[in-house]
Amino acid sequence: MIRRFLAIAAVSATVLLSGCGYNTLQSTDEQIKAGWAEVVNQYQRRADLVPNLVETVKAFAAQEQQVLLGVTSARSRVGAIQATPELINDPQAFARFQAAQGELSSALSRLLVVVERYPELKSDANFRDLQAQLEGTENRIAVARNRYIKAVQEYNVVVRSFPSNLTAMAFGFKEKPQFTVENEKEISKAPKVDFSKPAPAAAPQPAAPASPGSAPSEYPLPGK
């Protein structure tokens, strides 16, 4: 009888927890952890490219010390933050992580603008290889961020919704911090890295035909 009672109680508890969103909270929390691991992996991939990128640029543009120092300093600040799984439960630590990554993005953008002044650098095989790797990494970062954002949105909705919010409070599930940007469209658009030659100037448009009564052309057409 006791075993039967315990079995019935266990089944009842399982049904009750499922109906109150416990399983959904668990599954969405796991999605966030997986998404966060991918975000960190891609940001680390970008950080690993920075030393070689800086050294390659320095070989052709050593006088751009301020820009180069800005990139290396931004990378150091990124490396000083321990992007552990627990970081996503700390809004302040998450904000520091995002700010550091944003500083590195800005520093890299300034560096790529400087590159445009050095044609020999743009044609260097090593630099072009780094360019391709950086562009691919920025695309992967954008995809990973999107997946993480969607996972957090789904999880936070469950945490705030009734009756799953009661389950969340009972088991300690709290809202997760989210990536924020000034322009939401930038989330889905990776920074463009393009070192191709500028597009040729547009051909001049032909002059409009003279209206009736206007002065004759100084150079009449043949046969006229």
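See the structure above.
Calculation notes
Residues numbered from 1 in each chain as written. Predicted model: local features only at pLDDT ≥ 70, side-chain atom pairs only at ≥ 80, totals over all residues. Heavy atoms only, no water. Helix = DSSP H or I, 4+ residues; strand = E, 2+ residues; numbered from the N terminus. Contact = heavy atoms within 4.5 Å. Axes fitted to C-alpha atoms, helices over the stretch in contact; angles between N-to-C directions. Parallel < 35°, antiparallel > 145°, perpendicular 65-115°, else oblique. Nonpolar A, V, L, I, M, F, W, Y, C, P; charged D, E, K, R; others polar. Core = buried A, V, L, I, M, F, W, Y, C linked by side-chain atoms within 4.5 Å. Buried < 20%, exposed > 50% of the residue type's maximum accessible area, 1.4 Å probe, protein only. Phe/Tyr/Trp six-rings, centres within 6.5 Å; stacked < 30°, edge-to-face > 60°. Lys NZ or Arg CZ within 6 Å of the ring centre and 35° of its normal. Salt bridge = Lys/Arg side-chain N within 4 Å of Asp/Glu carboxyl O. Left-handed = near helix turned anticlockwise from the far one by under 90°. Expected span 1.5 Å × (residues − 1). Polar contact = N/O pair within 3.5 Å; in protein donor to acceptor, adjacent residues only side chain to side chain.

Chemist: Looking at this structure, I do not really get the overall build of the protein chain. What am I missing?
Modeler: A count of helices and strands for the protein chain gives seven helices and zero strands. Along the protein chain, from the amino end to the carboxyl end, the secondary structure elements read α-α-α-α-α-α-α. For the protein chain, the proportion of contacts with a sequence separation of at least 24, taken over those separated by at least 6, is 80%.

Chemist: Explain the side chain of Thr167 to me, please; I cannot follow it from the model alone.
Modeler: With respect to the helices, strands and loops of the structure, Thr167 is situated in helix α7 (residues 164-171). With residues near it in sequence (within four places) discarded, Thr167 still touches Cys20, Tyr22 and Leu25.

Chemist: Looking at this structure, I do not really get the packing of helix α6 (residues 125-160) against α7. What am I missing?
Modeler: Helices that pack against each other are described as a pair by the angle of their axes relative to one another and the distance between those axes. Axis separation between α6 and α7 bottoms out at 5 Å; the angle between their running directions is 95°. For the element pair α6 / α7, the angle class is roughly perpendicular. The residues of α7 that touch α6, namely those facing Val158, Val159 and Arg160, are Ser164, Asn165 and Ala168. Split into classes, the residues belonging to the contact of α6 with α7 amount to three nonpolar, two polar and one charged.

Chemist: Looking at this model, I keep getting lost on the nonpolar core. Mind explaining?
Modeler: Nonpolar side chains in soluble globular proteins tend to be buried together. Formed by 24 residues in total, the largest nonpolar core has its most connected members in Leu53, Val57, Val71, Leu108 and Leu111. Among the secondary structure elements, those contributing two or more residues to this core are α2 (22-60), α3 (65-79), α4 (91-115) and α6. Among the elements that line this core, the one with the most residues is α4, at eight residues. Ranked by size, the runner-up nonpolar core spans 22 residues in total, among them Leu25, Ile141, Tyr148 and Ile149.

Chemist: I'm lost on the packing of aromatic side chains in this one. Help?
Modeler: Here the distance between the centres and the angle between the planes together describe a pair of aromatic rings. Using the criterion set out here, one finds nine aromatic pairs in the structure. Ring geometry for Tyr22 and Phe173: centres 6.3 Å apart, planes at 80°, overall edge-to-face. You can see Tyr22 sitting in helix α2 and its partner Phe173 sitting in the segment after α7, a full 151 residues away along the chain. Centre to centre, the rings of Trp36 and Tyr148 are 5.7 Å apart; their planes meet at 55°, and the pair counts as tilted. Of the two residues, Trp36 sits in helix α2 while Tyr148 sits in helix α6, which places them 112 residues apart along the sequence. In this pair, the class of Trp36 matches that of Tyr148, namely buried. Of the aromatic side chains, those joined through ring pairs into one cluster are Trp36, Tyr43, Phe94, Phe97, Tyr148 and Phe179. Directly above the aromatic system of Phe179 lies the positively charged group of Arg145, at a separation of 4.3 Å from the ring centroid.

Chemist: Help me out: how do you make sense of the pattern of salt bridges in this one?
Modeler: Evaluated as defined, the whole model comprises nine salt bridges. Between Lys33 and Asp29 there is a salt bridge, and its shortest N-O distance comes to 3.6 Å. Linking Lys33 with Asp29, this pair stays in helix α2, spanning four residues, or about one helical turn. Here Lys33 falls in the partly exposed class, since its relative accessible area comes to 42%. For Asp29, a relative accessible area of 9% corresponds to the buried category. For Glu175, the salt bridge goes to Arg160, with nearest N and O atoms at 2.9 Å. In this pair, Glu175 sits in the segment after α7 while Arg160 sits in helix α6, placing the two residues 15 residues apart along the sequence.

Chemist: Sorry if this is basic, but what is going on with the packing of α2 against α4 here?
Modeler: Between α2 and α4, whose axes approach to 12 Å, the crossing angle comes to 35°. Here α2 and α4 pass one another in a crossing that is left-handed. Contacts between α2 and α4 involve Trp36, Tyr43, Arg46, Val50, Leu53 and Val57 from the first element and Phe94, Phe97, Gln101, Leu104, Ser105, Leu108, Leu111 and Val115 from the second. Along the lines of polarity and charge, the residues of the contact of α2 with α4 split into 11 nonpolar, two polar and one charged.

Chemist: Could you clarify how one ought to interpret α4 in this entry?
Modeler: Given 3.6 residues per turn, any residue in an α-helix points the same way as the ones three and four places further on. In this model α4 runs 36 Å from its N-terminal to its C-terminal C-alpha over 25 residues, within 8% of the 36 Å that 1.5 Å per residue would give. With a side-chain oxygen lying 3.1 Å from the backbone nitrogen of Gln92, the N-terminal cap of α4 falls on Asp90.

On their own, these measurements won't tell you what the molecule is for.
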